[in-house]
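Chains, contacts and geometry: an overview
As a plain string of letters, each chain reads:
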Amino acid sequence: MATEQLDPTQIPAALAEGRGLLDKDPGAAAERARQLLAAFPGLPDAYRLLGLALRRLGEDSAANEAELSAIQASGADPALQRAGQALVSDDLATAEGVLRQVLRQRPDDVAAIRMLGEVAARAGLPVEAERVFRQALELAPGFEYARLHLAMALNQQSRFGEALAELDRLSHELQDFAEVQSLRSTILSRTGGYDEAIAIHRRGLAERPDDQELLMSLAYLLHTVGEQDEAVATYRRLLELNPGAAEAWWRLSNLKTFAFADDDVGAIRRASDDRFLAPLDRLYLHFALGKALEDRGEDEGAFREYEQASAIRAAELQHQPQSVTNFVDEAERLFTSEFLAAHADSGFPARDPIFIVGLPRAGSTLVEQILASHPQVEGTAELSDIVTLARSLESDERRASEGAWQRYPGVLADLSAEELSHLGELYLERTRVQRKTDRPRFTDKMTINWAHVGFIKLILPNAKIVDVRRHPLAAGWSNFRHHFARGQEFSYDLEHIGAYYRDYVRLMRHFDEVAPGAIHRVIHEKLVADPEGEIRRLLDYLDLPFDKACLDFHKTKRAVRTPSAEQVRRPISADSAEQWRRFEQWLGPLERALGPALERWED
């Protein structure tokens, strides 16, 4: 079929002929693609055919050019334009429908595949998004926008090392793009690369000094590394640009050593008067004003502000306490002493991790800082890898296809010793990006890991688990008055906090019975009253020698990401231990929900 004889009706047959040549004669297939492009310049399918043929010929650079030309040419495709418009409108269902129809006709349309990955990512399905972006990169390895989105999907899964590796593979020209730099700094800030993340923000602000997003992120990073004065100054700079920046007011309120001036309170109230505020901004301002009033001793006013803020978040999250109760019921049924004994030789034998678990705001950051002061322990942060691995078990397609799928934690009963060992090794591999020293042990302070104690014991049998507790009314109140950037859905309703606490201590008590000595308990009030005695007992459990640096933890220089950052940079003090009693008269719903757990909270 000569080029000069082609007309548009013959394109499908010519493409089919070219694809038929790919395996037996890729050179002829490439020539057929070039003939089509000569007759029909900018034909996406012809570029795709050319790219496939050149890959088979080993001409990767030329193949990249052809594949990228196909993607660029696809921009004029009406179907992809409709899908793009749907994505802009956040109409994911329409976008997905259009894209799947396109891919039924053109399964190797990389532009459509990349857009389908974006649909999955926006729908909160990062594992599926990763699969789709990898498919796009298999077809077009030089498609850097797909690689950037792959890095985003890996970041969503807290697979930070892999995400950074994908960013490093981007071309030099793309490395300086604001979108790439923003993602890189986000990942670095979550993996302890604070100096580099701060440097990225400073470079960005040198070019865009009034960029409010950059100012917000830089201020948070400065707070994390202990540069409080500069953090406050940066927030102030942002508020000069935008006095109604609700998040900046809230973040200032999270600086425990910071107190709002009268002018600040007035500015927060004026910002709150905006009838068109988004719910999240209104929440920020209620929390900020609550802190300002609390500092002034206006306790009832402070409580009402916290109450209004929490009501906004609770309505959005729709937390179901019964789901936590059901989970703990299932965990108690599964993790019997017999089950644990049968799996005693399973898992990966490393003893590196020290898991710090419990209710948030119960003193876990203090315990982490104490341990990070020991010369054999590296303090990392709240690592989401255990949660990510647990969730991955529910999306195991192979297991589902074998008819063995069930929900976590029940699915753990089906795992072999080899699979459990692999999961333990995978946890250590994924957390390696967080480790910056050669210290043999490290902390993981993800408090929600209390729910995964059984999983941890199966995959990392030699890991240590420290349960940190504080009086439940004190910890419960501290949760209620704090906004968490993500997670902790239970914390915006006093009754829900009580129910959550009951389930948490019930599961810990269960493991005390079926695996005596597996969990060490640190009572915050006892630690404050007798630091050396409690620290010695903790270190004995961890098989670590006593080191005086643990008593002088406040002298240890390290980044701390939680709101307790300033507190752990000072010596232990009992000053705030009873602060919750100022609000006790309004904590009736929490007290009633705690029930007997309130009396037995130290058990």
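Residues numbered from 1 in each chain as written. Predicted model: local features only at pLDDT ≥ 70, side-chain atom pairs only at ≥ 80, totals over all residues. Heavy atoms only, no water.

**Re helix α20 (residues 321-334)**
Taking 1.5 Å per residue as the helical rise, α20 with its 14 residues ought to reach 20 Å, and the 20 Å between its terminal C-alpha atoms agrees with that figure. Listed in full, the buried residues belonging to α20 are V324, T325, F327, V328, A331 and L334. Summarising the contacts, the buried residues of α20 are in contact with α21 (337-342) and α28 (494-514). (Helix = DSSP H or I, 4+ residues; strand = E, 2+ residues; numbered from the N terminus. Expected span 1.5 Å × (residues − 1). Buried < 20%, exposed > 50% of the residue type's maximum accessible area, 1.4 Å probe, protein only. Contact = heavy atoms within 4.5 Å.)

**Quick word on the confidence of the model for the chain**
Within the chain, residue pLDDT values average 90, and 94% of them lie at 70 or more. Contacts of residues 397-405 to residues separated by more than four positions or lying in other chains number 12 contacts, the stretch itself having pLDDT below 50. (pLDDT = per-residue confidence, 0-100.)

**A word on the side chain of E166**
Note on placement: E166 falls in helix α10 (residues 160-168). Of the residues examined, E166 reaches a relative accessible area of 8% and is grouped as buried. Of note is the side chain of E166, whose polar atom sits 2.7 Å from the side chain of R147. Once you skip the residues sitting within four places of it in the chain, E166 turns out to touch R134, R147, L150, A151 and L154. (Polar contact = N/O pair within 3.5 Å; in protein donor to acceptor, adjacent residues only side chain to side chain.)

**What about the packing of helix α15 (residues 228-241) against helix α16 (residues 246-253)?**
Where α15 meets α16, the axes come as close as 9 Å, and the angle between the chain directions of the two elements is 155°. Comparing the axis directions of α15 and α16 gives the class roughly antiparallel. Regarding α15 and α16, the two cross each other, and that crossing is left-handed. Across from V232, Y235, R236, L238 and L239 in α15, the residues of α16 making contact are A248, W249, R251 and L252. (Axes fitted to C-alpha atoms, helices over the stretch in contact; angles between N-to-C directions. Parallel < 35°, antiparallel > 145°, perpendicular 65-115°, else oblique. Left-handed = near helix turned anticlockwise from the far one by under 90°.)

**Here we look at the packing of aromatic side chains**
Counting across every chain of the model gives 21 aromatic pairs. Look at W250 and Y284: their rings are 5.0 Å apart centre to centre, the planes differ by 20°, and that puts the pair in the stacked class. Residue W250 is found in helix α16, and its partner Y284 is found in helix α18 (residues 279-295); the two are separated by 34 residues along the sequence. Like W250, the residue Y284 is buried in the burial classification. Among the aromatic residues, those joined into a ring-pair cluster are F287, F303, Y306, W477, F480, F583 and W586. Between K464 and the ring centre of Y541, over which it is positioned, the NZ or CZ distance is 4.7 Å. The residue whose ring lies beneath R536 is F546, and the NZ or CZ to ring-centre distance is 3.8 Å. (Phe/Tyr/Trp six-rings, centres within 6.5 Å; stacked < 30°, edge-to-face > 60°. Lys NZ or Arg CZ within 6 Å of the ring centre and 35° of its normal.)

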